[in-house]
Amino acid sequence: MKKKLSKKKKTAAIVAAVAIALMFFIISPLFPYAVSLSVMSVYSHIHEAASIMANKGIELAIPGGGETSEDDWYPFVMTFNPGEAFGRTVGDRNLELTILYNFGAFDLRRGCSRLYDRDSDYYNSFYGAYLVTRKDDGSKASKDSMTAPFGFDSQGNMDPEQTAIVPKFDFQHLVLGDFGIRTSEQVFEWTAETISEDVSYLGRDGWSRVDASLLVNGAAHAKKEFRQSYLQYGAPKYEVGDDEEFMPVAMRGRVYGRYFEEWDTSVFFYILTPGKETLERCDREILSKSRLE
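What you are looking at is a predicted structure, and each value in this text was computed from that prediction instead of being measured.

Thresholds, definitions, all that
Residues numbered from 1 in each chain as written. Predicted model: local features only at pLDDT ≥ 70, side-chain atom pairs only at ≥ 80, totals over all residues. Heavy atoms only, no water. 1 Å grid on protein atoms, 1.4 Å probe; cavity = no way out; pocket = protein on both sides within 12 Å on 5 of 7 lines; lining within 4 Å. Points joined across faces, edges and corners; volume = space filled by probe spheres on them. Nonpolar A, V, L, I, M, F, W, Y, C, P; charged D, E, K, R; others polar. Helix = DSSP H or I, 4+ residues; strand = E, 2+ residues; numbered from the N terminus. Buried < 20%, exposed > 50% of the residue type's maximum accessible area, 1.4 Å probe, protein only. Contact = heavy atoms within 4.5 Å.

A.B. asks: Honestly, empty space enclosed by the protein in this entry has me stumped. Any pointers?
C.D. replies: Picture a little ball the size of a water molecule; that probe, rolled over the atoms, points out where space is still empty. Counted under the stated rule, the structure contains four cavities of 30 Å³ or more. Size it by volume and the largest cavity reaches roughly 50 Å³. Lining the largest cavity are Y130, F150, Q162, T163, V166, P167, V255 and F268. In terms of residue class, the lining of the largest cavity is made up of six nonpolar, two polar and no charged.

Shown next, in the form of structure tokens:
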């Protein structure tokens, strides 16, 4: 009887210890990071299965932050399909968009991404790829919309104005909009500074490259209520005054674009970040090592 009682006490002690450890883990800054990794891994795979890549047979792999030795970017690149929202927003319902993206790494002491940290080199920063194609439903409207691939003019040159359409949609509707900023307060100014044609990138010729400056609202804000985006970025834990929330920040943008006739798809690789040094390092160490087949 004493032996059985001892085992019961030992089991109860183990259960109590596990419960206490779990409780401390849940309230620790590591918990939001664990939630983010778990949720975004599953969510991204679901969207990847319904993406333009899956539908067109495109193999596209972009390295994540795990490829570098620095604490710079989130460990892996995610996939998202905005559905009809993109075409509806830009006024062309035949357009389909798939976004691959990554953002600043988590600050494990605070339990949130450095996307919110105005003192970080990765404040408000993203990199990844956009794929845009047009649906062909056989209608006259569908055929009329296919005068030129998205992002390019009829001569095949990159359209500097259209290069800003997806970043603007991404920032305003998918990132900042979900943080709660009012539409009337949203700022997005894009100025193409240099355009280079017939650039070699990822082992292929024929890319166009745009380097741009932009002014866009920053992600810094105070948490007031739960937002779905907090599942992936964590809830913001950096101090910010009421008059400093979503304050516009000057940034640098780089976009490589190319239309692939075999896929009838425009592919754009992009980097958006405040600092030129961070942009160049991301291009050199991460984005340029992507695989597209």
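The discussion continues.
A.B. asks: Even after reading the chapter, I still don't get the side chain of S36, so can you show me in this structure?
C.D. replies: Looking at the secondary structure, you find S36 in helix α2 (residues 30–49). You can call S36 buried: its relative accessible area is 0%. Once residues lying within four places of it in the same chain are set aside, the contact partners of S36 are S41, Y74, F106, L231 and Q232.

A.B. asks: Any chance you could explain the environment of D92 here in plain terms?
C.D. replies: Following the sequence through the fold, D92 ends up in the loop between α4 (84–90) and β3 (95–103). For the pair D92 and R134, spaced 42 residues apart in sequence, the C-alpha to C-alpha distance is 9.1 Å.

A.B. asks: Would you explain unusual backbone geometry in this entry?
C.D. replies: Only a minority of non-glycine residues have a phi that is not negative, and only a minority of peptide bonds are not trans. Located in the positive-phi region is L202, a residue other than glycine, with phi close to 55°. Mapped onto the fold, L202 is located in the loop between β7 (188–201) and β8 (204–217). Positioned with a positive phi, D264 is a non-glycine residue whose angle comes to about 50°. By the element assignment, D264 lies in the loop between β9 (248–260) and β10 (265–273).

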